[in-house]
Amino acid sequence: MKLGLGVAGIAISLVTATAQADCPDYTTYAQSPQGNPSSGPLGLPYMRPDPACRTFNSTSVEKVILDMKSRLKDPDVARLFENTFPNTLDTTVKYYNERENLAFIITGDITAQWLRDTGNQFAHYHTLLSVDADLANLVKAVINNEARYVSQYPYCGAFQPPPESGLGPSVNNWALGVLVNPPVDNQTVFECKYEIDSLCGFIKLSSSYYEATKDASMMNAEWLAAIDQILRVINEQSQASFDADWNFISYYNWTGLAGSLAGAVNNGGNGEPKGYTGMVGTHHRPSDDLSTFAFLTPANAMLSVQLSNLATILDHAGVAPNVSSRAKYWSKTIEQAVWEHTVVDGIFAYETNGLGSRYVMDDANVPSLLSLPYLGFLDMNHPDYVKTKKILMSRGNPYYVRGRSFSGIGGPHIDVWNPWPMSQVTNIFGTSDDEEILTSLYTIVNNTGGLGLIHESINIYNVSDYTRPWFAWANSYFSEMLLDLAQRKPHLIFTDNKPYIPGQ
């Protein structure tokens, strides 16, 4: 991937812009230390591309970096924030044209746009959208492009560049030989694994944009069509596998072959049978791995919250009251079902099937059970969350592991001894205990492989062995957590106890 000259507010094709600067391939760039080291004991390198090679420049983002660096007490933490906070804008805006209202965002070292990742990659810029029109226009263009994807392929989660970009589609070797029903066009779709949180990511980004800007022009015909498709999927995937007459109900199947990532889906690509609960079934998890049981608790929790947010922005804008009513209905139905069907003796199950089966575990990827407070589903002090969390961060969770230097929750996406730094970030969002926060924070800070970026996963037996040196979602999530501490626990990270909120 060639990085191109990014200028806020100017419609550009990054393919053309790359000719204007001799920019390194950031996939390679991120694998070795670059600029001057920080003054802290870790000596973390400066990993931002040259300004001419950044894919989007924002003065408001630069101001936040300066503000935070001037107050963070640990130079290594300051360097991590300096590298991670702008990483989405520095490296992942593969195409942006303001006049066309289109933007294509990659997640890092994979040239595809994931709905889930994009919603999370921009989450930490939320408070800046009201003061930075150029950044807001970029986010609006991202939403508009995603609306086109979702309105056409609501069961898919990752997409190819828009035709207007001039960027050719990528070949996804993991998807070769995979049969999807309804059929998809691989010139538009990069991967069509059905994951509820992908649809949540689109709503999350839309709600965040409107809440900050109050710009209802985002809610155009394409966007409303996408929302209608999401509600259709919710209705279809909430139904039981068999009707009253034992007719099998299927609206989507994904028949992966042995060579496809995550492997084949059983029962002809339809997954495990499910009963009706009021929750919405899913075939794949946020990690892109197969679900064991259809009803993924944290994804449903996120869906309930985001549908409520959707209704709120529609009501405020005075748009589509019938859609708002449907969103409110499903939000409440799903919320009640989560509490009724997933909690036993104060412990949330990660997955259930509505037929009596439950799987108690957690995965690092958000939405996760550990992230329920971050998602806005419940308070971190709720007794059921507190009780569940003790299991999740212990041997009671089959995907929690602890090494001499690094620990956390992983998942089957890599292997059982590779926990993800993302899980330690999530743990911070789920606690108010100062000692626990600092322990999780420095578990992350001390384990970047000397690169000053947040990786996907880390081998507990050899912390220099990690996956994905360039993972924009993880970088954004880490800096979002530091901004949360800047507001919630400033004394832990700042030289003073004064809260900080970007854009205010």
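The structure we're discussing is the one just above.
Please explain helix H3 (residues 59-71) as it appears in this structure.
Turn by turn, an α-helix covers 3.6 residues, leaving residues three or four places apart pointing in a common direction. For H3, with 13 residues, the first-to-last C-alpha span of 19 Å sits near the 18 Å given by 1.5 Å per residue. Those residues of H3 that sit buried are Ser 60, Val 61, Val 64, Ile 65, Met 68 and Arg 71. What you see down the axis of H3 is that its buried residues fit within an arc of 145 degrees, all on one side. In H3, the exposed residues that point more than 90 degrees away from the buried face are Thr 59, Lys 63, Leu 66 and Ser 70. Buried residues along H3 sit against helix H4 (75-84), helix H5 (87-91), helix H7 (133-152), helix H17 (472-488) and helix H18 (490-493).

Whenever I open this one, the packing of helix H8 (residues 196-213) against helix H11 (residues 297-317) confuses me. Can you help?
Helix-helix packing is characterised by the crossing angle of the two axes and by the distance between the axes. Packing of H8 against H11 leaves a shortest axis separation of 9 Å and a crossing angle of 35 degrees. The crossing of H8 and H11 is left-handed. In this structure, H8 contributes Ile 196, Asp 197, Cys 200, Gly 201, Ile 203, Lys 204, Ser 206, Ser 207, Tyr 210 and Glu 211 to the contact, and H11 contributes Ala 299, Asn 300, Met 302, Leu 303, Gln 306, Leu 307, Asn 309, Leu 310, Ile 313, His 316 and Ala 317. Looking at side-chain class alone, the contact of H8 with H11 contains 11 nonpolar, seven polar and three charged residues.

Just to check I follow, could you spell out the sheet that holds strand S3 (residues 113-114) for this structure?
The strands making up a sheet associate through hydrogen bonds between their backbones, and the pairing can be parallel or antiparallel. Spatial strand order, S3-S4-S6: three strands in an open sheet with antiparallel pairing. What marks the edges here is a single partner per strand, and that holds for S3 and strand S6 (189-191). Direction of pairing for S3 relative to strand S4 (residues 158-159): antiparallel, over a ladder of two bridges. Paired with Gln 113 across the two strands is Phe 159, which belongs to S4.

Help me out: how do you make sense of the environment of Arg 468 in this one?
Turning to its location among the elements, Arg 468 is positioned in the loop between strand S16 (462-467) and H17. On the accessibility criterion, Arg 468 (15% relative accessible area) is buried. Not counting chain neighbours up to four residues away, the residues in contact with Arg 468 comprise Thr 107, Gly 108, Asp 109, Ile 110, Ile 454, His 455 and Glu 456.

What's the story with the state of the cysteines in this structure? I'm lost.
In a disulfide, the sulfur atoms of two cysteines are covalently bonded to one another. Counting across every chain of the model gives two disulfides. Shown here is the disulfide that connects Cys 23 with Cys 53, its sulfur atoms set 2.2 Å apart. Taking the torsion about the sulfur-sulfur bond, which here is approximately -90 degrees, the covalent link between Cys 23 and Cys 53 counts as left-handed. Highlighted residues: Cys 23 in the loop between helix H1 (14-17) and helix H2 (26-29) and Cys 53 in the loop between H2 and H3, separated in sequence by 30 residues. There is no split in this pair, since Cys 23 and Cys 53 are both buried. Disulfide partner of Cys 156: Cys 192, at an S-S distance of 2.0 Å.

Explanation requested: unusual backbone geometry in the structure shown.
With the exception of glycine, most residues fall at negative phi, and the peptide bonds are largely trans. Going from Asn 181 to Pro 182, the amide bond is cis rather than trans, its omega being 5 degrees. Within the secondary structure, Pro 182 is located in the loop between strand S5 (179-181) and S6. For the bond from Val 366 to Pro 367, the omega torsion is 15 degrees, close enough to zero to count as cis. By secondary structure assignment, the location of Pro 367 is in the loop between strand S12 (358-359) and helix H13 (372-375). For Asp 288, which is not glycine, the phi torsion reads 80 degrees and is therefore positive. Checked against the element boundaries, Asp 288 lands in the loop between helix H10 (266-269) and strand S8 (295-296).

What counts, and where the lines are drawn
Residues numbered from 1 in each chain as written. Predicted model: local features only at pLDDT ≥ 70, side-chain atom pairs only at ≥ 80, totals over all residues. Heavy atoms only, no water. Helix = DSSP H or I, 4+ residues; strand = E, 2+ residues; numbered from the N terminus. Expected span 1.5 Å × (residues − 1). Buried < 20%, exposed > 50% of the residue type's maximum accessible area, 1.4 Å probe, protein only. Arc of directions from axis to C-beta. Contact = heavy atoms within 4.5 Å. Axes fitted to C-alpha atoms, helices over the stretch in contact; angles between N-to-C directions. Left-handed = near helix turned anticlockwise from the far one by under 90°. Nonpolar A, V, L, I, M, F, W, Y, C, P; charged D, E, K, R; others polar. Pairing = 2+ DSSP bridges. Disulfide = S-S within 2.5 Å.

As far as function goes, none of this settles anything; it's purely spatial.
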